[in-house]
Amino acid sequence: MRNDDVSATKADLRAAILSARRALATQVHDGEARALAGHATTLAATDQTVCAYVPVGSEPGSLELIDSLYRHGVRVLLPVARVDAAGIPLPLRWGEYVPGALTTARFGLREPGEPWSSPETVAQAAIILVPALAVDRAGARLGRGAGFYDRSLPLASSSALLVAVVRDDEIVDRLPVESHDVAMTHALTPRLGLVALGRADGRE
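Residues numbered from 1 in each chain as written. Predicted model: local features only at pLDDT ≥ 70, side-chain atom pairs only at ≥ 80, totals over all residues. Heavy atoms only, no water.

S.K.: Could you give an account of helix 2 (residues 26–38), naming the residues involved and the relevant values?
M.R.: For helix 2, built from 13 residues, the straight-helix expectation of 18 Å at 1.5 Å per residue is met to within 8% by its first-to-last C-alpha distance of 18 Å. For helix 2, the set of buried residues is His29, Glu32, Ala33, Leu36 and Ala37. One face of helix 2 carries all of its buried residues, which in axial projection span an arc of 145°. Exposed and oriented more than 90 degrees from the buried face of helix 2 are Gln27 and Gly38. Buried residues in helix 2 make contact with helix 3 (40–43), helix 4 (63–71), strand 9 (161–165) and strand 11 (186–189). (Helix = DSSP H or I, 4+ residues; strand = E, 2+ residues; numbered from the N terminus. Expected span 1.5 Å × (residues − 1). Buried < 20%, exposed > 50% of the residue type's maximum accessible area, 1.4 Å probe, protein only. Arc of directions from axis to C-beta. Contact = heavy atoms within 4.5 Å.)

So this is what it looks like as C-alpha cells:
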C-alpha cells in the first residue's frame, strides 16, 4: 500500500471514530472516564513518573485519572504542544501537574504552567499515556495526525510502557501503519484496564 493510500485510509478511520465518539451519550462517556480513573492506582507505582495528558472533547477519560495518579504519589508530567515558525509540530515539552494550575492553550488543550522542561524529559517516564483514536493488537496507534507524539515518543526510554488510552471497542485487529509510527506496548480501556499489545491474545 502506498503512503498516500495509507493516509487516505487513516483519514477515513479518523472520521468514523470521531463521529462515533461525538455521538456517545454523556453518561456513558462519564462512566467510562470514572472506570479509567479507577485503574490509576494499579497503573503506576508511587514515586514513578508518568507522562499523561488532559483529555478534551470526546476523548476517553478525564482530569480525574490525572488527579488519581497525583494522589497516589505519582509524578505526573503533562505535554506542552507548540509549532515552529512554519507551523510544523515540535517535540512536546513537559510540565509538572499541579492541581488547579492548568491553563487553556492552543488546539483546545489544557496545559501546565511554566517552567517547562525539554522534550528529552520524556525519557524519565516509566509510563506514557498517549491519546489515540484506536490501537491494534500489534501496537499500531491511530492518532489525530498532527504529529506531536510521532516526534516525541522516539525520545522515550526503551523500558517505558507506551499506553494508548482508548474505549474498549477501539482496540482493533489491524490498523494501517506508516514508517514514522511508534508502536504502543499497551492499551488502557475502561472495562479491560491495562492490555498488553503485540501478543496473540492481546492480554497482560
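S.K.: Residue-level account of empty space enclosed by the protein, with values.
M.R.: Enumeration according to the criterion identifies one cavity of 30 Å³ or more in this entry. The computed volume of the largest cavity comes to approximately 70 Å³. Every residue lining the largest cavity is listed: Leu36, Ala52, Tyr53, Pro55, Pro60, Gly61, Ser62, Leu65, Ile66, Leu129 and Val165. A per-class count over the lining of the largest cavity returns nine nonpolar, two polar and no charged. (1 Å grid on protein atoms, 1.4 Å probe; cavity = no way out; pocket = protein on both sides within 12 Å on 5 of 7 lines; lining within 4 Å. Points joined across faces, edges and corners; volume = space filled by probe spheres on them. Nonpolar A, V, L, I, M, F, W, Y, C, P; charged D, E, K, R; others polar.)

S.K.: Tell me about the sheet that holds strand 12 (residues 193–196), and please be specific about residues and values.
M.R.: Across the sheet, seven strands lie side by side as 3-2-1-6-9-11-12; this open sheet has mixed pairing. If you trace the sheet from one side to the other, it starts and ends with strand 3 (93–96) and strand 12, each paired once. Strand-to-strand twist in this sheet, taken as the mean axis angle between neighbours without regard to direction, amounts to 30°. Here strand 1 (residues 49–51) runs beside strand 6 (residues 127–131); their pairing, made up of two bridges, is parallel. Bridge assignment links cysteine 51 to a residue of strand 6, and that residue is isoleucine 128. Across the sheet, helix 4 lies against strand 1, strand 2 (75–80), strand 6 and strand 11, angled at about 145° from strand 2, the strand it touches most. (Pairing = 2+ DSSP bridges. Axes fitted to C-alpha atoms, helices over the stretch in contact; angles between N-to-C directions.)

Don't take any of this as a statement about function, it's just geometry.
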